[in-house]
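# Structural features, examined
Listed below are the residues making up each chain.
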Amino acid sequence: MARAAPDRRSGVLAVLGAYTSWGLFPLYFKALRAHPLEVLVHRILWSALFLLAINGLQRRWDWLRTALRSPGMLLGSLLSASLLSANWFVYIWAVSVNRVIDASLGYFITPLVQVVFGVLLLREALRPVQRMALCTAALGVLWLTLKFGQLPWVGLALAASFGSYAALRKTARLGALEGLALETWLLFPLAAGCWFWLAREGQSGFFQDGSAQQLALLAAGPITSVPLLLFAAGARRIPLSLAGVLQYISPTLQLLLGIVIWHEPFQLDKLVGYALIWLALLIYSAESLWVWRRGLGARALSAERAAAFSDQTPSVALPPDPEAADSR
């Protein structure tokens, strides 16, 4: 118990660091003058090498040997890597063309999209309040579509790609670090070939811009991987419900950056659509927290009843366990 509070505090700080980093990503991508495709290429290349170094320092390769012997695991990792790279590219592109607010929408609705994928792929049952939240979010998307004459496809593409990715990762046997490492290593040959083509065609900004841009592109590896490591370390130390509430820090920071720093339009019609989606998230989060607390209460009550029953039950001498005796 003495270590529980420090562990939880460090977990909260680690998860806060991860979500804050993700929320400030637009500042980094805005500083890059390279084409979104080249930024994606560098993000894959240097993340793969950075994660190779991390695994080398930890000297943990058993999981890789297991993965290489499993065609199903490799195929699943290749599919999740494709979804992740699509998500990265759409996000980088959205930031480069001043659509940070639209990108933030994707990460606001991602938790709700994950619920949908849970129903479709994992056969999870929807509770009535969850249905209400999904209908409210759908109403917000419909409002934005009718008012602006097109689907908010940037946000929907980000939410769908990351929601699909999360659903695949949920059923995968690899951890967060190992899974991302394998995904970037599978994409590495394609990314290297793409970079070679860009360089040969004279379209690679890496060789044309100054050293500051080169260092910024090289930093894509740790900038991509460190927040994930923070999240993986922190999420194990805090309740899942708390991590679920903290995840809204990231899109909120992105929304504020779009409005305050880059003055992207956020008129009343868009605010109404976002407000409906925020209401859906509030309903969803409050109901999830209530269910989680009720589960804790039920488990505590069961423990109390079991303890009371054992106190009232006369003790019975049991025969010695031969396996326990041999394990002294």
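Everything below is about the structure printed above this text.
Model, not experiment: these values are computed from the prediction. (Residues numbered from 1 in each chain as written. Predicted model: local features only at pLDDT ≥ 70, side-chain atom pairs only at ≥ 80, totals over all residues. Heavy atoms only, no water.)

A tally of helices and strands in the protein yields 15 helices and zero strands. Out of the 328 residues in the protein, the part that is buried amounts to 40%. Put simply, 84% of the contacts in the protein that link residues at least 6 apart link residues at least 24 apart. By element, 67% of the accessible surface of the protein is carried by carbon and sulfur atoms, the whole surface being about 18,200 Å². (Helix = DSSP H or I, 4+ residues; strand = E, 2+ residues; numbered from the N terminus. Buried < 20%, exposed > 50% of the residue type's maximum accessible area, 1.4 Å probe, protein only. Contact = heavy atoms within 4.5 Å. Areas by Shrake-Rupley, 256 points an atom, 1.4 Å probe, with all protein chains shown as cover.)

At N98, a residue that is not glycine, the phi angle is positive and equals roughly 60°. By secondary structure assignment, the location of N98 is in the loop between α5 (71-96) and α6 (100-122). Residues other than glycine seldom take positive phi values, yet H263 does so here, at roughly 50°. For H263, the position within the fold is in the loop between α13 (249-261) and α14 (268-312).

Our focus in this paragraph is the pattern of salt bridges. For the structure on display, the rule yields seven salt bridges. Between E201 and R200 there is a salt bridge, with its nearest N and O atoms 3.8 Å apart. Residue E201 is classed as partly exposed on the basis of its relative accessible area, which comes to 41%. Salt bridges sharing partners connect three or more residues here, namely R99, D102 and K270. (Salt bridge = Lys/Arg side-chain N within 4 Å of Asp/Glu carboxyl O.)

Below, the discussion takes up the packing of aromatic side chains. Note on aromatic pairs: each is described by the distance of the centres and the angle between the planes. With the rule as written, the count across this model stands at 17 aromatic pairs. Taken together, a centroid distance of 5.6 Å and an interplanar angle of 65° make the contact between Y19 and W22 edge-to-face. Residue Y19 and its partner W22 are located together in helix α1 (residues 4-23), separated by three residues, close to a single helical turn. Here Y19 falls in the buried class, since its relative accessible area comes to 9%. By the ring-pair criterion, three or more aromatic residues cluster together here, those being F25, Y28, F29, Y91, Y107, F162 and Y165. The ring of W262 carries the charged tip of K30 above its face, separated from the ring centre by 5.1 Å. The side chain of K270 reaches across the aromatic face of F148, ending 5.7 Å from its centre. (Phe/Tyr/Trp six-rings, centres within 6.5 Å; stacked < 30°, edge-to-face > 60°. Lys NZ or Arg CZ within 6 Å of the ring centre and 35° of its normal.)

Further remarks concern the environment of F206. For F206, the location among the structural elements is in the loop between α9 (176-200) and α10 (211-218). Leave out the neighbours within four places in its chain, and F206 touches E38, H42, W195, Q214, L217 and L218.

Turning our attention to the packing of helix α3 (residues 36-58) against α5. Viewed as axis vectors pointing N to C, α3 and α5 meet at an angle of 135°, and their least axial separation amounts to 9 Å. Taken together, the axes of α3 and α5 lie oblique to each other. For the crossing formed where α3 meets α5, the hand is right-handed. Listed contacts from α5 to P36, L37, V39, L40, R43 and I44 of α3 are S85, W88, F89, I92, W93 and S96. Tallied by class, the residues present in the contact of α3 with α5 amount to nine nonpolar, two polar and one charged. (Axes fitted to C-alpha atoms, helices over the stretch in contact; angles between N-to-C directions. Parallel < 35°, antiparallel > 145°, perpendicular 65-115°, else oblique. Left-handed = near helix turned anticlockwise from the far one by under 90°. Nonpolar A, V, L, I, M, F, W, Y, C, P; charged D, E, K, R; others polar.)

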